[in-house]
Amino acid sequence: MKPTRRHHPLSIPLVLLLPLALAACGKPPAGSAEPPPGELPAAATPGPAAPPPVGAPVADVAALLPTHHWRLTAATDAQGARIDALFARPDLPLQLDFADGRVAVSNTCNRMAGGFTLEGATLTLAPMASTMMACADPKLSALDAEVGKRLAGALAVAATAGDTPELVLANAGGDRLVLQGTPTPATRFGGPAERIFLEVAPETRPCSHPLIPDKQCLQVREVGFDEKGLRSGTPGEWQDFYDGIEGYTHQPGVRNVLRIDRYTRKDVPADASRYAYVLDMVVESEQVKR
């Protein structure tokens, strides 16, 4: 029986430009007063305003944004009603990531991204592009359009620091989104990552570990890819892999090629490797007959 192969692209092209009409939906009705740039618009009566962020205000929002993943915890419209459409995935809240002048949106039906600028307390989002996957769940499919409508154009932004920093975004239509930050791996491990590719064999093997009896290790070897995403060079030797890979769960009988961000720890725990491995994406996956 021949193995079945599923190949995943090394990068997902952003090919579908969300309609500009979505951005227009966030504009206030004719004749309404638009708040000055950087000022959070007050919620219209009779609904209460969304709760302000808790903690010390952050003066340098630009420095804070790329250091955290931002997950949606609350969203209300101008009447103070919860925007249920933005919570189509309760187990995986809408997430924003800011880096190098671009914002990436994940945990939607499609992966979305676009440019942004930050001037003072005003965050301006460019129209977002998206992949073109179809989702069977209609609520998940509608989530993309809701994101395009609520996160468009100039938004007032405020942030607070602390163990759990908060980011508040508000558009001219009165929508107010509250997001909580969790440190990115680069923030947690204290530096930029080295990008490597590891091929993981379908089966683990017993390996010797002084603290873990009957330890089973992944079998891995390093592989290379060229700029076109094609295999290049000679793969390394298979070896026992004692560490874990954050974000990766091995399934027996499945061979994978993983794109990994490898961080060099600044503070190395007593029984840990000096490296921390974080999964970026699965490049290849193959079911192997056992």
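See above for the structure.
Residues numbered from 1 in each chain as written. Predicted model: local features only at pLDDT ≥ 70, side-chain atom pairs only at ≥ 80, totals over all residues. Heavy atoms only, no water.

**Considerations on the environment of Gly181**
As a reminder of what qualifies: Helix and strand definitions here come from DSSP, where helices need a minimum of 4 consecutive H or I residues and strands a minimum of 2 consecutive E residues; each element is numbered from the N-terminal end. Note on contacts: a residue pair qualifies if any of its non-hydrogen atoms lie within 4.5 Å across the two residues.
When you line up the elements, Gly181 lands in strand 11 (residues 176-183). It is 9.1 Å that separates the C-alpha atoms of Gly181 and Leu72, two residues lying 109 residues apart in sequence. If sequence neighbours within four positions are ignored, Gly181 has contacts with His68, His69, Trp70, Thr164 and Pro165.

**Things to note about the packing of aromatic side chains**
Test applied: The criterion for an aromatic pair is that two Phe, Tyr or Trp rings (for Trp, the six-membered ring) have centres within 6.5 Å, with stacked assigned to planes under 30 degrees apart, edge-to-face to planes over 60 apart and tilted to the rest. Summary of the burial criterion: residues with accessible area below 20% of their type's maximum are buried, those above 50% are exposed, and those between are partly exposed, where the area comes from a 1.4 Å probe applied to protein chains only.
What the rule picks out here adds up to 5 aromatic pairs. Ring centres of Phe98 and Phe116 lie 5.2 Å apart, and the angle between their planes is 85 degrees; this geometry places the pair in the edge-to-face category. Placement of the pair is Phe98 in strand 4 (residues 95-99) and Phe116 in strand 6 (residues 112-119), with a sequence separation of 18 residues. The exposure classification of Phe98 matches that of Phe116, with both residues buried. Where Phe197 meets Phe225, the ring centres are 4.8 Å apart and the plane angle is 50 degrees; that geometry is what we call tilted. Of the two residues, Phe197 sits in strand 12 (residues 194-200) while Phe225 sits in strand 14 (residues 216-225), which places them 28 residues apart along the sequence. The buried category is assigned to Phe197, whose relative accessible area is 13%.

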